[in-house]
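Now for the letters of each chain:
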Amino acid sequence: MSVEQIVVLGVNHKTAPVAVREKLTFPDIEVPLSQLAATPNCREFCFLSTCNRVEVIFTTAAVDKGAKEVRALLFGASEISDSEAKEYTYLHQGEAAIRHLFRVGASLDSMVVGEPQILGQLKEAYRQATARKCTGVILNKLIHKAFSTAKRVRSETNIGSSAVSISYAAVQLARKIFGRLKGKKVLLAGAGEMAELAAEHLLTQGCTEVIVANRTLERGVKLAKSFGGKAVPLSDLEEQLAMVDIMVSSTGAPDLILTKSQVKPIMKRRRSRPLFFIDIAVPRDLDPEINELDNVYLYDVDDLSQVVEMNKNERQQEATRAERIVAEECAKLLAWLDNMALTPTISALRRKAEEIRLAEVQRSVGRMDLSESEKKSINKMTSAIINKLLHHPLLYLKEEECNPEERQRKLAEMRRVFGLDEG
Amino acid sequence: MPFAITYIAYALATTLYLVFFFSQNSRVRTMARRLLLVAGLLHCGTILGRYLAMGHTPLTTHHDTVSFFAWSCTWAFLSFRWRYRIKNFGTFVAVLIQLLLTVALLSSQEIRVLPPALQSVWLPIHAAVAIGANGFLALGFCGGLMYLIQDRALKRKKFGLFYQRLPSLEGLDQLNTHCLSIGFPLLTLGIVTGSIWAKQAWGAYWQWDPKETWSLITWLLYAALLHQRLAIGWSGKRSAILTVIGFSAVLFTLWGVNFLLTGVHSYVR
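None of these values were measured; they are calculated from a predicted model.

Trainee: Would you mind going over the overall build of chain A with me for this structure?
Mentor: Tallying secondary structure elements over chain A gives 16 helices and 10 strands in all. Evaluated residue by residue, chain A yields a buried proportion of 37% over its 423 residues. For chain A, restricting intrachain contacts to residue pairs at least 6 apart in sequence, the fraction spanning at least 24 positions comes to 70%.

Have a look at this one:
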């Protein structure tokens, strides 16, 4: 089988606008998978559909025909013609297809580079495909390699570690102040979406309690319930500040709700334990001068955006390192594919048998006192054993009538039975 | 073990720590840690060599005192690392050790034998305990310095080289407590043993010699810090500042007194 028979075809956020992407929705993955099974030119295939991409990874002997069939399937529900569909899709073949898949799995092709969901989505797509026996030797190997590449990228680079959203940047800063967030308490003043998100992040990172202080107590109680915390009236703010470690503020108040002179006595009551203020509100809730107090750290939306920008830059650098890992893994897979052809397998099998024979003959002959002609006949005899033993396995491999997929399966089977890929 | 070899081993370890600090390559860190351990062991050999050459505890010349100071920093750090880890702490400590060793390298290594009157069992006890205390207080100083740098980055919202590499404020604050809780009792013990030795050698427990006075000032500074931490619950920036000031007093007791003022301790030059 040639590498060029591996193909990836699809649309993503870079090639198609959302107006086009939203037409390609596949709520039930069963449908495209059974349709793909019915197309004459897709041998092995896997169907991946996420909010930013829809793509089919498949192997085919006739790339052009196969691609056309897959496009027809993807755009079937829309009125987009095949020539137009061609503009919105990417078609990668051979090495490019392998690299593309690895980059997708490692989250290098994502809208937010490094976001972790894509690997799970790819795993799910693969699980669905295998459950319906849509994949074979080649795609199994290819997609497993995509998983291990993604894992390597995660562990060897910091691509996933830096925060690229405002709410996550707040968590990152909190960790620089408090170390582990376990046991820390959060006070949520006001109830904005971003503040809720930040509180949620802080909770998953180990914070134990969320207290909600809201102007209307009713709404506060509701929100507090969703975090499993308690609600207090906004007038209790200063009382609560003596107890908590982090305050996220996002009230719709037109003026400042907290000033430096209010926080100063609170710090005394806190015995100077650090206090971290996150002000997400616009206009701001918290007096910027609060930041001048010792052991108090105040960040507003602009400060947090600055952290996000810095993280984006860092992530870009890490992406470069990740690309190197992808290239390495790509080369390894190509080597494996080369070996998956018939001739290299046969010669590897013969070589292995010959090596075993020679080693064993040498061991035995060394201990015996034999003449030249005796040695010769021992060599002859052992060679004959090897040849006869390999005769049927080789016939089995070379069988003419088997289709390409069957041959791949046989090759993989033989390589495994004789341990040709070990060591 | 000649001092020069020990010095080179430390210099290599420090260089590796600095390379690690900038590159954050964990393989370099492993090498740096191992090399520091080797340097620490060589240093033990160096000190033993001086002991054999002098015939008494080698803490009576300036070279030996500073060298022993560096030794106690190294082993205080290694003993800490064995228990818990602080991100990039090693680089700061290694640089401090290297500075101390450079001072030791530049001062005379000539052997001076102590007058018999001062040769007492209290010499090794007093000097070793006092300088051992300095080792832990030096670590506290490094931690305090790191705290102040990190605090400044968080306050000014400047996220440069240090912000990324330094640990959390809370972690550094704990380090401060740890160093103080070991360093302070040792310092106290150093002063007590010193006054016992003074009684034996000169007949008086305390004679307001400048070194004694400055030890007392240092002790009071650290006692104040400990009191504030335990009784009032001081933490954070003020503790860090006081730790740095306390260590300046340690250094003045060690050097300032010898070079600027004179007294009964002045043989230690």
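Trainee: Just to check I follow, could you spell out the overall build of chain B for this structure?
Mentor: In terms of helices and strands, chain B carries nine helices and zero strands. Along its sequence from the N terminus, chain B presents helices and strands in the succession α-α-α-α-α-α-α-α-α. For chain B, with 269 residues in total, the buried portion stands at 43%. For chain B, the proportion of contacts with a sequence separation of at least 24, taken over those separated by at least 6, is 79%.

Trainee: Is there a simple way to explain the packing of helix α8 (residues 210-232) of chain B against helix α9 (residues 237-260) of chain B in this structure?
Mentor: Helix-helix packing: each pair is described by the crossing angle between the helix axes and the interaxial distance. Residue and element names in this part refer to chain B. In the contact formed by α8 and α9, the axes pass within 9 Å of each other and the chain directions differ by 170°. On the basis of the axis angle, α8 is roughly antiparallel to α9. Between α8 and α9, the contacting residues are P210, K211, W214, S215, I217, T218, L221, Y222, L225 and R229 on the first element and S239, L242, T243, I245, G246, A249, V250, F252, T253 and V257 on the second.

Trainee: Can you walk me through the interface of chain B and chain A in this structure?
Mentor: Often, the extent of an interface is quoted as the loss of accessible area upon association of its parts. Counting from both sides, the interface comprises 15 residues of chain B and, opposite them, 17 residues of chain A. Contributing elements (two or more residues each) for the side of chain B that touches chain A: α5 (122-156), α7 (169-202) and α9 of chain B. No other element matches the three residues that α7(B) contributes to the side of chain B that touches chain A. Tallied by class, the residues present in the side of chain B that touches chain A amount to five nonpolar, five polar and five charged.

Trainee: Whenever I open this one, the sheet that holds strand β6 (residues 209-214) of chain A confuses me. Can you help?
Mentor: Across a sheet, paired strands are connected by hydrogen bonds in the backbone, their directions being either parallel or antiparallel. All names here are of chain A. Strand order in the open sheet formed by six strands is β7-β6-β5-β8-β9-β10, with parallel pairing between adjacent strands. At either end of the open sheet lies a strand with only one pairing partner, and these are β7 (230-233) and β10 (296-300). Shown here is a sheet whose adjacent strand axes are inclined to one another by a mean of 20°, direction ignored. In the sheet, strand β5 (residues 185-189) pairs with strand β8 (residues 246-249) via four bridges, with the strands oriented parallel. Note that in β8 the partner of V186 across the bridge is I246.

Trainee: Even after reading the chapter, I still don't get the pairing of strand β9 (residues 275-279) of chain A, so can you show me in this structure?
Mentor: Regular strands have side chains that alternate between both faces of the sheet. Residue and element names in this part refer to chain A. For β9, the tally of buried residues reaches five of five residues, placing the bulk of the element in the interior. Residue alternation in β9 divides its side chains into two sets, L275, F277 and D279 and F276 and I278, and both sets are buried. In this structure, β8 lies alongside β9, joined through four bridges in parallel fashion. Bridge pairing in β9 links M247 to F277. On the question of chirality, the crossover connecting β8 to the parallel β9 by way of helix α12 (residues 260-269) is right-handed. Bridge analysis of β9 against β10 gives five bridges, and the strand direction is parallel. The residue of β10 that forms the bridge with I278 is Y299.

Trainee: What am I meant to see in the sheet that holds strand β1 (residues 6-12) of chain A here?
Mentor: Residue and element names in this part refer to chain A. If you walk across this open sheet you meet the four strands as β2-β3-β1-β4, and the pairing is antiparallel. Bordering the open sheet on either side are β2 (44-49) and β4 (90-93), each of which pairs with just one other strand. Each strand axis lies, on average, 15° off the axis of its neighbour in the sheet, ignoring direction. Examined bridge by bridge, β1 and strand β3 (residues 53-59) share seven bridges and lie antiparallel to one another.

Trainee: In this structure, what is going on with the pairing of β2(A)? I would like to understand it.
Mentor: Residue and element names in this part refer to chain A. Burial analysis of β2 places five of its six residues in the buried class, which makes it a mostly covered element. In this structure, β2 lies alongside β3, joined through six bridges in antiparallel fashion. Residue pairing across strands places F45 opposite F58, the latter belonging to β3.

Trainee: How do you make sense of α5(B) when you look at a structure like this?
Mentor: Since there are 3.6 residues in each turn of an α-helix, residues three or four apart along the chain are aligned in direction. Compared with an ideal rise of 1.5 Å per residue, which puts 35 residues at 51 Å, α5(B) spans 50 Å between its outermost C-alpha atoms and is within 8% of the ideal. B:K157 occupies a position one or two residues after α5(B) and carries a positive phi of about 60°.

Trainee: Just to check I follow, could you spell out the environment of A:L187 for this structure?
Mentor: Residues and elements named next belong to chain A. Position of L187 relative to the elements: it lies in strand β5. In sequence terms L187 and S249 are 62 residues apart; their C-alpha atoms lie 8.2 Å from each other. Ignoring any residue separated from it by four or fewer positions in sequence, one finds L187 in contact with I211, A213, Q240, L241, V244 and M247.

Trainee: Help me understand the packing of α5(B) against α7(B) in this model?
Mentor: Residue and element names in this part refer to chain B. Direction vectors running N to C along α5 and α7 enclose 155°, while the axes themselves pass 7 Å from each other. Relative to α7, α5 is oriented roughly antiparallel. The handedness of the crossing between α5 and α7 is left-handed.

Trainee: What is the right way to read the nonpolar core from this model?
Mentor: In globular proteins that are soluble, nonpolar side chains generally tend to be buried together. Counting residues in hydrophobic clusters, the biggest one holds 114 residues, and the most contacted among them are A:F277 and B:C73. Of the residues forming this core, the biggest block, 14 residues, is contributed by α5(B). In this view, A:F277 contacts A:M247, A:S249, A:L286, A:I290, A:V296, A:Y297, A:L298 and A:Y299; residues no more than four positions away in its chain are not counted. Formed by 54 residues, the second largest nonpolar core is a distinct cluster that contains A:V56, A:Y88, A:Y126 and A:C330.

Analysis parameters
Residues numbered from 1 in each chain as written. Chains lettered and ligands numbered in written order. Predicted model: local features only at pLDDT ≥ 70, side-chain atom pairs only at ≥ 80, totals over all residues. Helix = DSSP H or I, 4+ residues; strand = E, 2+ residues; numbered from the N terminus. Buried ≥ 20, exposed ≤ 12 C-beta atoms within 10 Å, placed from the backbone. Contact = placed C-beta atoms within 7 Å. Axes fitted to C-alpha atoms, helices over the stretch in contact; angles between N-to-C directions. Parallel < 35°, antiparallel > 145°, perpendicular 65-115°, else oblique. Nonpolar A, V, L, I, M, F, W, Y, C, P; charged D, E, K, R; others polar. Pairing = 2+ DSSP bridges. Right-handed = clockwise from strand over helix to strand, strands pointing away. Expected span 1.5 Å × (residues − 1). Left-handed = near helix turned anticlockwise from the far one by under 90°. Core = buried A, V, L, I, M, F, W, Y, C linked by C-beta atoms within 7 Å.

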